[in-house]
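# Topology and contacts: notes
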Amino acid sequence: MTSTLQNSPTTDQEGREPPFSPAIVEGWLQALGKAVRAHQLYLPNNPVYQRAIEQLRANFVALWAETEQLTLAITESELKWEGVVVASEPSKSESLAWLLYQDGLRELTFMRGFEVDELDRLLGLLQRVKRAAPDEDDLVTLLWEQDFINLRYQFVEFVPEGIGEIETGASYGVERQVDMQGSQAADEETAPTPGIVSMKEFDSTVYFLDENELQFVRSALQAEYEENLPRNVLSVLFDLFERQSAEDVRAEIVEILPHLMLHFLAAGDYRAVAYLVRESRHACERAVELDDRQRDALLQVPERLGTAEVLGQLLQTIADATTPPDTAELDALFEVLGGTAMETVLRWTVHLPSGPLRASLERAGTRLAATNVTELVRLIGLPDREIAIEAARRAGELRSPGAAPALGRLLGVDDAAVRLAAAAALAEIASPGALQQLERGVEDPDREVRIVSVRVLGARGHRAALPQLEAQIRGNDMRGADLTEKMAYFEAYGALAGDGAISHLDAALNGRGLFGRREDPETRACAAMALGKIGSPPALEALRKASADKEMIVRNAVQKAVRGGRS
Amino acid sequence: MTQATARPRMQAAPGVAERGGDAFVRQRGRDFLSALYSALRALKLYPPENTVVQKSLFDLQQIGEQFQKREHELEVRASREFIFLNSTRLRLDLENYASFSRILGIFREAGIGLFRLTGEATTRDWTVFLSHLQSAPGAAADDQSAPLMARLAGAGVTCFFVGPPAEVEDDREQSKEAAKRVYAQSVSATKDVISSVRMGQSPNLKKIKRVVQGIVDQILNEETSLLGLTTLRDYDEYTFVHSVNVCIFSVALGRKLGFNRRQLYDLGVAALMHDIGKSRIPLEVLTKPSSLNEEEWLIIQKHPWMGVLTLLGMRGHSDIPYRAMIVAYEHHMKPDLTGYPKPVRPRTMSIFSRIVAVSDGFDAATSRRAYQQDPYSPADALAEMSNNPRRGMDPVIVKAFVSMVGHFPVGTLVILDTFELALVHAANPQPEAISRPTVRIISDSTGNLLFPGHLVELTQRDASGEYTRTIIKLADPNRYGIRVGDYFV
């Protein structure tokens, strides 16, 4: 940017009377400055932003009442119009003049109609340039890309004048003569003469594209702009990694990949991230002459994505995104996560509200749990209740017998919610080992845990739990229980004990105690249902005796039990 | 003939370039030409008082007035197959080719090269002007501008200036200086980038983008001058000059294939950087004067993928030049993915890479390099690219390339049937005249070299309808001690 201007673009205008009052231009520039700041600070729906834009449009109206176009000369600290300083700002940090000047602009011409479609685009460019790092595109480059209709500009050439001048050969200042006839004669001596033009070569139609060829070009161009370029470049890098065994080349690629991953993450290109992770693993499998150090170095790249810090940042970004990525993209990303990511995935699953991200994480969690049981078992054993509960739930969904011991241990913790999750998971698994762990639940302090445990033990015919159940039924603990819990216990008892329980149940249903007193109606109804579970002729006989019982709850239970539990 | 030259919109100070606003001229210029075409058609079909005629004249007058008010001038200039509005060349496309073609025909038949509004034109002025324009005797070989001006004056119409057909020479000289500046800046910026990489520094891609924008503007406006400069073969700065040449050929080819401005820019950036990987090749290999041995050849073959790594090394840039990386990687591949490097994962060679491969192949074959002291002539290179399937260039792209540069590419030395020596200056855009380019006569029939010589169209005919000059033979510039590039500078 060292190009020297021999003349300021408006030097010749200085000293001339402006065609209209500079105050109009000054007012317009002040409004422009406010709009630039508002664009930087507020969203388009913010009233402050909208007021600033309205004010600027109003100033445009005033301006176009006087002229068709407005040309501003730009210096480091001033904007001039017709040689008159219309904006001066010595401080560079907030100066519009400096912002324009520093990128090489020396003159801007606004034309009527600029404010209709192009104002927003220019404000966007100015904002982008304000925030741009030194190596990012400058304003002149960006203005070219925008191809404005109602804005013209002059700028200093990037390459200073005089650099790379093209000179003609020195020999052409003097007259020379070539031997035309001689050369012609020499050519004629050889036959066939090379270079002789054959007119039959000039079938011009051969050299113009036909419709099929034009269609090929159009399709190829369309494909060019639909191509996933980052992914394409990644495929090149992994090809190189596999084919080039040179230490320095592989080291360079391994150094580049994390930067690319970061770039893709920042850009929200999750498919590219997924591809990078997946192909890192493939490249490790396929690369020629790959030593352990190179393999470890490459595998570190995908593994970093699964670490709690990195994945947490990523999920936070996605959760905060105004426009969330589509489900397919998220699934593609989460699909490549390894077992180490499961803890973070489960933690975020718990905290996220329902939505595409949570649904995607749910799917990822299920997949990770299915393929990483050891990690799942580890997570079940973590002191973190949220992780333990979520991990238990996954183990239940997967009916993973390997998780039963860890779930059984959870039944010993103080937190009732954790015990319930463990019981529910064990109930889902329902393997012999899981049912054995679940016996503990029969005497759990928490009603829910007890009910879950008792129901599944009964349903699965886990006779090892019978003594516990019988003790509960025959003891006094059941008296304080509600109907649901009592029913669960009695039904499980009936299912496990069979005919051996009939006498006790018959006594509970039909018998009378001291002073002819019967059991309470709820207990009798539960006994009826238990007899129904047994279903043998003696059990049905016991039920028939109570078919006309005066208590409606008992009568209903009896009828239901006789029908085999159908209401 | 200063009146015939388009005036710049605004005089920029030395070292200052002007951009922007062309989009308006292009957009409204098409509207104006469309209105002009409609008015001409209406006048031809109906009497002037007809409402269709009146309406079309009113539209024309209004659009012209608006344009003039905004741009402070309205000049329509026909030059070869192009129409310029003020100094902007209007783009021909499927929507406007009929009006372009008709207006160019009318200019030719009327024997004029331009008309300019010198004041406000009423519908009557337009009626008179267009009627006189269309009543020309037809196929006027000579300048008819003065008689037409006289007829207009006789009818009381003084708001039009009519100029003679533009001299080819005049036309091209206008953009030659701009092309030279763009070319020199491009070589300088490319040298900066490649040298920076070679020294381990982070190069400045901004310069590359800026110069490519200049190349795209120049190609869109008048590509002949820039294409002419590709004949410069600076032996010492081959890598830089070659990169710029490939960029110019690629952008010009992209334009020929109908790419838009943004696509040309993307293509240009990729083309300019296609050999960036050579900055990692040892200079002793790159500049070895003799044939390369197998080991050295293997080193050279690394430059495509080294280009990818080099471009990826330019970290910190807001937008990673992915497209340039892909072109750098693929430009020595063939569409069937043979060539080098050999890809492992499935891929389809990008059309940008195919274009750059053709441009690269042509420029490399026709340049003198350390290990290629006897390059192909441009015509032989074209023949090789077209006819030798082992070169593996995309046949559609090669076909378009030949169509762009003509059978005799710019810079080809030819002998005419007049025994004059001539350098091909520009391809003929007319399909039926592909063998009749514009040439610069650089020696008379007795062998006296002329510098800078003069341009002639090989489509010129004499009174009997015979072509005045025809190419009969290609010639080797070295044989005559001719430095082709000098004639383009």
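Computed from a prediction, not measured in an experiment: that's the story for all the values here.

## Looking at the overall build of chain A
Looking only at helices and strands, one finds 28 helices and five strands in chain A. Within chain A, the fraction of its 567 residues that count as buried is 40%. Intrachain contacts of chain A at a sequence separation of at least 6 include 67% that bridge at least 24 residues.

## Concerning the overall build of chain B
Looking only at helices and strands, one finds 16 helices and 11 strands in chain B. Within the span of chain B, comprising 489 residues, buried residues form 50% of the whole. Look at the contacts in chain B between residues 6 or more apart in sequence, and 67% of them connect residues 24 or more apart.

## Details of the environment of Glu223(B)
Residue and element names in this part refer to chain B. One can find Glu223 in helix H7 (residues 205–229). Residue Glu223 is classed as buried on the basis of its C-beta count, with 23 C-beta atoms lying within 10 Å. When the C-alpha atoms of Glu223 and Arg255 are compared, they prove to be 9.7 Å apart, with 32 residues separating the residues in sequence. Among all residues touching Glu223, those that are not within four sequence positions of it are Ala252 and Arg255.

## Topic: the packing of helix H10 (residues 247–267) of chain A against helix H12 (residues 292–306) of chain A
Residue and element names in this part refer to chain A. One can describe the packing of H10 onto H12 by two numbers: an axis separation of 10 Å at closest approach and a directional angle of 5°. One element, H10, and the other, H12, form an angle in the roughly parallel class. Residues Arg250, Val254, Leu257, Pro258 and Met261 of H10 touch H12, and the partners they reach there are Gln294, Ala297, Leu298, Val301, Arg304 and Leu305.

## Regarding H12(A)
Residue and element names in this part refer to chain A. In this model H12 runs 21 Å from its N-terminal to its C-terminal C-alpha over 15 residues, within 8% of the 21 Å that 1.5 Å per residue would give. Considering bend angle alone, the principal kink of H12 is centred on Gln300 and spans about 35°; proline Pro302 follows within four residues of it. Along H12, the positions that sit buried rather than exposed are Gln294, Leu298, Val301, Pro302, Leu305 and Gly306. Where the residues of H12 are buried, they touch helix H9 (229–243), H10, helix H11 (270–286) and helix H13 (308–320).

## A look at the confidence of the model for chain A
All names here are of chain A. With 88% of its residues at a pLDDT of 70 or more, chain A shows a mean pLDDT of 84. Overall, residues 182–193 carries pLDDT values under 50, and its contacts beyond four positions in sequence, including any with other chains, amount to three contacts. In the predicted structure, residues 199–205 sits below a pLDDT of 50 and forms eight contacts with residues beyond four places in sequence or in another chain.

## Overview of helix H15 (residues 378–387) of chain B
Regarding H15(B), the residues found buried are Pro378(B), Ala379(B), Ala381(B), Leu382(B) and Met385(B). End-on, the buried residues of H15(B) take up no more than an arc of 160°, which puts them together on one face.

## Topic: the sheet that holds strand E11 (residues 471–475) of chain B
All names here are of chain B. The strand order across the open sheet formed by five strands is E10-E9-E8-E7-E11, and the pairing between neighbours is antiparallel. Where the open sheet ends on each side, the last strands, each with one partner, are strand E10 (449–457) and E11. When strand polarity is set aside, the average angle formed by the axes of neighbouring strands in this sheet is 35°. Sheet topology places strand E9 (residues 438–443) next to E10; five bridges connect them, and they run antiparallel. Considered in E10, the bridge of Arg440 is made with Leu455.

## Remarks on the pairing of strand E7 (residues 413–416) of chain B
Residue and element names in this part refer to chain B. Here E7 shows a buried face lined by Leu413 and Ile415 and a second buried face lined by Val414 and Leu416. Alignment of E7 against strand E8 (residues 421–426), held across three bridges, turns out to be antiparallel. Across the sheet, residue Leu413 finds its bridge partner in E8, namely Leu423. Linking E7 to E8, which pair antiparallel, is a turn of four residues; within it Phe419 sits at a positive phi near 65°. The pairing of E7 with E11 spans four bridges and is classified as antiparallel. Bridge pairing links Leu416 to Ile471 in E11.

## Section: the sheet that holds strand E3 (residues 82–85) of chain B
Residues and elements named next belong to chain B. Taken together, the five strands give an open sheet; going across it, the order is E4-E3-E2-E5-E6, and neighbouring strands pair in antiparallel fashion. The open sheet terminates on both sides in strands that have one partner only, identified here as strand E4 (88–89) and strand E6 (160–163). Summarising the sheet, E3 and E4 pair through two bridges and their orientation is antiparallel. By the bridge assignment for E4, Phe84 is matched with Arg89.

## Brief notes about the environment of Ala424(A)
Residues and elements named next belong to chain A. Secondary-structure assignment places Ala424 in helix H20 (residues 416–429). Placed 32 residues apart in sequence, Ala424 and Val456 show a C-alpha to C-alpha distance of 9.3 Å. Not counting residues up to four positions away in its chain, the partners in contact with Ala424 are Gly396 and Val452.

## Looking at the confidence of the model for chain B
Low pLDDT means the predicted atomic positions in that stretch should not be read closely. All names here are of chain B. The pLDDT averaged across chain B works out to 84; a share of 88% of its residues lies at or above 70. Mean pLDDT values over the elements of chain B span from 65, in strand E1 (residues 16–19), up to 96, in helix H13 (residues 322–330). Under the prediction, the complex receives an ipTM of 0.74, its pTM being 0.74.

## Some thoughts on the packing of H7(B) against helix H9 (residues 261–272) of chain B
Residues and elements named next belong to chain B. Viewed as axis vectors pointing N to C, H7 and H9 meet at an angle of 125°, and their least axial separation amounts to 9 Å. As the angle between them shows, H7 and H9 are arranged oblique. In the packing of H7 onto H9, the handedness of the crossing is right-handed. Contacts from Ile208, Lys209, Val212, Gln213, Ile215, Val216 and Leu220 in H7 reach Arg261, Leu264, Tyr265, Gly268, Val269 and Leu272 in H9.

## What about the pairing of strand E2 (residues 75–79) of chain B?
Residue and element names in this part refer to chain B. Of all five residues in E2, five are buried; the element is thus mostly enclosed. Because side chains alternate across E2, one face comprises the buried residues Glu75, Arg77 and Ser79, and the other comprises Val76 and Ala78, equally buried. As judged from the three bridges shared by E2 and strand E5 (residues 114–117), these two strands associate in the antiparallel manner. In the sheet register, Val76 faces E5, and the bridge partner there is Phe115. The sheet contact formed by E2 and E3 spans four bridges and is antiparallel. Of the residues in E3, the one forming a bridge with Val76 is Leu85.

## Topic: unusual backbone geometry
For residues besides glycine, phi is generally negative; the peptide bonds are generally trans as well. Here the bond from Tyr340(B) into Pro341(B) is cis, since omega is -5°, no more than 30 degrees from zero. Following Phe451(B), the chain continues to Pro452(B) via a peptide bond in cis, the omega torsion being 5°. Mapped onto the elements of the fold, Pro452(B) is located in strand E10. Despite not being glycine, Glu289(A) shows a phi value in the positive range, around 50°. Mapping Glu289(A) onto the fold places it in the loop between H11 and H12.

Thresholds, definitions, all that
Residues numbered from 1 in each chain as written. Chains lettered and ligands numbered in written order. Predicted model: local features only at pLDDT ≥ 70, side-chain atom pairs only at ≥ 80, totals over all residues. Helix = DSSP H or I, 4+ residues; strand = E, 2+ residues; numbered from the N terminus. Buried ≥ 20, exposed ≤ 12 C-beta atoms within 10 Å, placed from the backbone. Contact = placed C-beta atoms within 7 Å. Axes fitted to C-alpha atoms, helices over the stretch in contact; angles between N-to-C directions. Parallel < 35°, antiparallel > 145°, perpendicular 65-115°, else oblique. Expected span 1.5 Å × (residues − 1). Bend = angle between axes of the 7 residues up to and from the residue. pLDDT = per-residue confidence, 0-100. Arc of directions from axis to C-beta. Pairing = 2+ DSSP bridges. Left-handed = near helix turned anticlockwise from the far one by under 90°.

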